[in-house]
Amino acid sequence: MASPKVAVVGAGVIGLSTALCITETCPSCSVTVLSDQFSPNTTSDVAAGMLIPHTYPDTPIHQQKQWFKETFTYLFAISNSAKASEAGIHLVSGWQVFKSTPKEELPFWSDIVLGFRPMSEAELQKFPQHRFGQAFTTLKCDCPPYLLWLEKRLKATGTQMYTRKVADLWELHSEYDIVVNCTGTGAQQLVGDKQLFPVRGQVLKVHAPWVKQFIRDGDGLTYIYPGIHRVTLGGTREKGSWSLSPDAGTTRDIFDRCCTLEPSLQGAQDIEVKVGLRPSRQCVRLQREVLSQGGVKLPVVHNYGHGAGGFSVHRGTAKEAAHLVKECISALQGSSSRAKL
Amino acid sequence: MRVAVIGAGVVGLSSALCIHEQFHSLVPSLELEVYADHFTPHTTSDGAAGLWQPYLSDHGNLQETLWNKETFDYLLGHLHSPAAKEMGLFLISGYNLFTEPVPDPSWKNIVLGFRNLTPKELELFPGYSYGWFNTALMLEGRSYLPWLTNRLTQRGVKFFHKKVESFQELFSQGVDVVLNCSGMRSGDLQPDPELQPGRGQIIKVLAPWVKHFIITHNLKSGIYNSPYVIPGSEFTVLGGIYQHGNWSEENSAKDHKSIWDSCCQLLPALQKAKIVGEWSGLRPARPSVRLERESIRLGNLQAEVIHNYGHGGFGITIHWGCAMAAARLFGSILQEKKQLGTPPGPRL
């Protein structure tokens, strides 16, 4: 197989980074990205893009740690380079505060982020409702810039990108040799995965350029994440809700909770409300599958279900998906050479 | 009781406010006036980035360290007030970088979360092998000075746009006490060979992805002669110039290049930053802050001057501690003039 044709379905952070990894791992591949949405209309564009991992219940911790480390290392290098501002990657320091001391005082990622330590008494005084906290420095991927930068890198490799709603993976079997499924919430319908469920998140993106630090409540529901031009205020975790319409009561509630943590936000301007559906699953589905229909086979690599942790592990899962694509190619070449015999 | 403050930078305005807050209800006849030839946004304080950070060493000047602490604690207490944004006050974390290990600074327990940098963090800054991380405060002069001016105006303090040529000029008009907060130009009012300009130049850029201050140190070339990057609420300040004895307030092309090249080397992404301004100013440098009373005989009258100048590159950092010390000196003047039983405020 001279130039395997790979279709990546999905153009959020997972789809684009997976496509990029495929061009890096399999330079002979011809990669095409197909998606019904591109930045700035993907789920990834709503997310703040903070590198603070979400824990998947059914994935081994060492695997999650490896994915996070891979992602952090990759982005750390970009943040330190001349490309940082174009790629939308920047360092941000801040605090994670808890109303009651967490069971695990040291999360699995504490030695990967920078300068992780417990907050001092003096720092905790700023949060009278909270009794314990952690201070650290991590990275943020601002979207759209990061997605646009990935698209630019992809175009430079000759990757084509098309707006197209794929209703069935089989649609692609005549044009492509391998399909990579990075459809996030779309996977529920596309491949009938009932283990995938949306967790609705509403956020506010505000103009508050004096906010230079992140603050996150350890319960994951209230957070303040300063981006390049806007600060993301969150949020909600509404399991099973498919609604993409902003809710006014929720907006007020998010704003109030964030102002409790950071009173100066009362002066925030230009409040934009956004909604995203986290493509949630007990574990990320990162595996090969060979679909079969009437004697025709279609190799598929799944890479979806990253829920609240997409940005944190995107590069690590993208690399693994690229390896799975390589395995698919070997399998195809193996079977085609067997056919020749 | 007429009090004239000379100077409308951070020191003049905060001293005026501190005195008015403490004494206006106790001295019904108190009339406070501010005289200056430059007001915000044209003062030295307006050009400063506004980062709270003292020099590396206080040279044993414990008094200045205490004033720095008083200022930090005062500002920290205002962080959650509704006025914070209007004051230009916010938290900021960042890095101090060195090419060799150095002793911890006098202010390590004043700021929040002071610690040494980890090896991983130092990878961000090739050429630097040691450093600190801490959370401090920004107090932007462009917001703080108008805020102080508003508070003073509300209190009925009067402002006069004029260059005062001598202390006598004010005393002959019936002023009882003069607060000399004239910063760099104090020498025009009373010669002071110890007061020298510490010329600085800065480039203002748009680099909103930078969320930390980064201050490098070159122990051989001295304070602020090594690149620094300080992100503000509207733009980021690039600097690294300290020229002792240079009175020029003109921007120098040579200094521009030095700042630009060294800051871009520190943070390569700055090459893409848009330049939106440039400014030069004179830090009113002195071996120590002059904060003391001086009695001047004028005929059969005793006139009182409270000097509060020479804050170098740490005026914003130390201003409130000095304002309170100036207020205490004012209190002792009132006591002597039998205008007051005992001075108000905490006993120190």
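Residues numbered from 1 in each chain as written. Chains lettered and ligands numbered in written order. Predicted model: local features only at pLDDT ≥ 70, side-chain atom pairs only at ≥ 80, totals over all residues. Heavy atoms only, no water.

**Section: the overall build of chain A**
No. 1: Secondary structure summary: chain A contains nine helices and 15 strands in total.
No. 2: If you line up chain A on its principal axes, its C-alpha atoms span 75 × 40 × 40 Å.
No. 3: With 341 residues in all, chain A has 59% of them scored as buried.
No. 4: Pairs at least 24 apart in sequence give 77% of the contacts found in chain A among residues at least 6 apart. (Helix = DSSP H or I, 4+ residues; strand = E, 2+ residues; numbered from the N terminus. Buried < 20%, exposed > 50% of the residue type's maximum accessible area, 1.4 Å probe, protein only. Contact = heavy atoms within 4.5 Å.)

**Observations concerning helix α1 (residues 10–23) of chain B**
An α-helix turns once per 3.6 residues; consequently, residues spaced three or four apart project the same way.
No. 1: Look at α1(B): 20 Å from first C-alpha to last across 14 residues, which is about the 20 Å you get at 1.5 Å a residue.
No. 2: Inspection of α1(B) places B:Val10, B:Val11, B:Gly12, B:Leu13, B:Ser14, B:Ser15, B:Ala16, B:Leu17, B:Cys18, B:Ile19, B:His20 and B:Phe23 among the buried residues, and these make up the whole buried set. (Expected span 1.5 Å × (residues − 1).)

**Regarding the pattern of salt bridges**
Two side chains carrying opposite charge are able to pair once their charged atoms lie near each other.
All names here are of chain A.
No. 1: Following the criterion strictly, the structure yields 34 salt bridges over all chains and no others.
No. 2: Note that Glu-70 is salt-bridged to Lys-319, the shortest N-O span being 3.3 Å. Of this pair, Glu-70 sits in helix α3 (residues 61–79) while Lys-319 sits in helix α9 (residues 310–340); the two residues are 249 residues apart in sequence, bridging distant segments of the chain.
No. 3: Taking the relative accessible area as the measure of exposure, Lys-319 reaches 31% and is therefore partly exposed.
No. 4: Close ionic contact of Lys-99 with Asp-217 constitutes a salt bridge, the shortest N to O distance being 3.8 Å. Pair noted here: Lys-99 is in the loop between β3 (89–98) and β4 (114–118) and Asp-217 is in strand β9 (residues 214–217), with a separation of 118 residues, a long-range link. (Salt bridge = Lys/Arg side-chain N within 4 Å of Asp/Glu carboxyl O.)

**Considerations on the UniProt feature "domain: FAD dependent oxidoreductase" (unreviewed entry) in chain B**
No. 1: UniProt's entry tags residues 2–329 of chain B with the feature "domain: FAD dependent oxidoreductase" (unreviewed entry), counted in the numbering of this structure.
No. 2: Secondary structure content for residues 2–329 of chain B is 29% helix and 30% strand, and the end C-alpha separation is 15 Å. (UniProt positions renumbered as here; feature names shortened; annotations may be inferred.)

**Quick word on the state of the cysteines**
No. 1: On inspection of all chains with the given rule, the structure shows zero disulfides over all chains.
No. 2: With no disulfide of its own, A:Cys141 has A:Cys143 as its nearest cysteine by sulfur position, at a separation of 6.7 Å. (Disulfide = S-S within 2.5 Å.)

**A few points about the interface of chain A and chain B**
No. 1: Across the boundary between the two partners, chain A contributes 34 residues, which contact 29 residues of chain B.
No. 2: Summing both partners gives a buried area of about 2,900 Å² for chain A against chain B, and 62% of it is carried by carbon and sulfur.
No. 3: The three residues of chain A that bury the most area against chain B are A:Asn80, A:Trp210 and A:Lys212, which together make up 21% of that side's buried surface.
No. 4: One can count zero salt bridges joining chain A with chain B.
No. 5: Counting every contact that joins chain A to chain B gives six residue pairs in polar contact (both at pLDDT 80 or more).
No. 6: Residue assignment for the side of chain A that touches chain B shows that the elements contributing at least two residues are α3, α4 (84–87), β3, β4 and α5 (121–124) of chain A. (Buried area = accessible area lost by both parts, 1.4 Å probe. Polar contact = N/O pair within 3.5 Å; in protein donor to acceptor, adjacent residues only side chain to side chain.)

**A short note on the sheet that holds strand β6 (residues 160–163) of chain A**
Whether parallel or antiparallel, the strands of a sheet pair through hydrogen bonds between backbone atoms.
Residue and element names in this part refer to chain A.
No. 1: Within the open sheet, the six strands sit side by side as β6-β2-β1-β7-β15-β14. Their pairing is mixed. Every interior strand has two partners, whereas the edge strands, β6 and β14 (285–293), have only one. Mean inter-strand twist for the sheet, computed between neighbouring axes without regard to direction, equals 20 degrees.
No. 2: Two elements, strand β2 (residues 30–35) and β6, share four bridges in a ladder whose sense is parallel. Note that in β6 the partner of Thr-32 across the bridge is Gln-160.
No. 3: Across the sheet, helix α1 (residues 13–25) lies against β1 (5–9), β2, β6, β7 (178–181) and β15 (296–304), angled at about 175 degrees from β2, the strand it touches most. (Pairing = 2+ DSSP bridges. Axes fitted to C-alpha atoms, helices over the stretch in contact; angles between N-to-C directions.)

**Some words on the side chain of A:Ser35**
All names here are of chain A.
No. 1: Along the chain, Ser-35 turns up in strand β2.
No. 2: Judged by relative accessible area, which is 6%, Ser-35 ranks as buried.
No. 3: In this structure the side chain of Ser-35 is engaged in a polar contact, spanning 2.6 Å, whose partner is the backbone oxygen of Gln-37.
No. 4: In contact with Ser-35, other than residues within four places in its own chain, are Gly-10, Ala-11, Tyr-162, Thr-163 and Arg-164.

**Re the UniProt feature "binding site: D-dopa" (unreviewed entry) in chain B**
Residues and elements named next belong to chain B.
No. 1: Look at the UniProt record and you will see "binding site: D-dopa" (unreviewed entry) annotated at Gln-53 and His-217. With the annotated positions falling across 165 residues, the maximum pairwise C-alpha distance of 13.3 Å places them together in a single cluster.
No. 2: Tracing the chain through its elements places Gln-53 in the loop between α2 (44–47) and α3 (62–78).
No. 3: Gln-53 gets classed as buried once you look at its relative accessible area, which sits at 5%.
No. 4: Setting aside anything within four residues of it in sequence, one finds Gln-53 in contact with Asn-96, Trp-107, Phe-213, Ile-215, His-217, Tyr-224 and Thr-317.

**Digging into the sheet that holds strand β7 (residues 177–180) of chain B**
Residues and elements named next belong to chain B.
No. 1: The sheet built from six strands is open, its strands ordered β6-β2-β1-β7-β15-β14 with mixed pairing. Of all the strands in the sheet, the pair left with one neighbour each is β6 (158–161) and β14 (290–298). This sheet shows a mean twist of 20 degrees between the axes of neighbouring strands, independent of strand direction.
No. 2: With nine bridges connecting them, β14 and strand β15 (residues 301–309) associate as antiparallel partners. Residue pairing for β15: Leu-298 is matched across the bridge by Leu-301.
No. 3: Along the sheet, α1 contacts β1 (2–6), β2 (31–36), β6, β7 and β15; its crossing angle with β2, the most-contacted strand, is approximately 180 degrees.

**Quick notes on empty space enclosed by the protein**
Residues and elements named next belong to chain B.
No. 1: Considering all chains together, one arrives at four cavities of 30 Å³ or more under this definition.
No. 2: The computed volume of the largest cavity comes to approximately 230 Å³.
No. 3: Along the lines of polarity and charge, the residues of the lining of the largest cavity split into twelve nonpolar, five polar and one charged.
No. 4: By volume, the second largest cavity is sized at about 130 Å³.
No. 5: Tallying contributions element by element places strand β3 (residues 89–98) first for the lining of the second largest cavity, with three residues.
No. 6: Of the residues assigned to the lining of the second largest cavity, the class counts are nine nonpolar, two polar and three charged. (1 Å grid on protein atoms, 1.4 Å probe; cavity = no way out; pocket = protein on both sides within 12 Å on 5 of 7 lines; lining within 4 Å. Points joined across faces, edges and corners; volume = space filled by probe spheres on them. Nonpolar A, V, L, I, M, F, W, Y, C, P; charged D, E, K, R; others polar.)

**Some words on unusual backbone geometry**
Where the residue is not glycine, phi is negative for most of them; where a peptide bond is considered, it is trans in most cases.
No. 1: Omega for the bond connecting A:Ser39 with A:Pro40 falls within 30 degrees of zero, at 10 degrees, which places this linkage in the cis form.
No. 2: Along the chain, the position of A:Pro40 falls in the loop between β2 and α2 (43–46).
No. 3: A positive phi angle, close to 50 degrees, is found at A:Asp270, a residue other than glycine.
No. 4: Residue position: A:Asp270 is located in strand β13 (residues 269–280).
No. 5: A positive phi angle, near 60 degrees, is found at B:Tyr224, a position not held by glycine.
No. 6: In this fold, B:Tyr224 is placed in the loop between β9 (213–216) and β10 (228–231).

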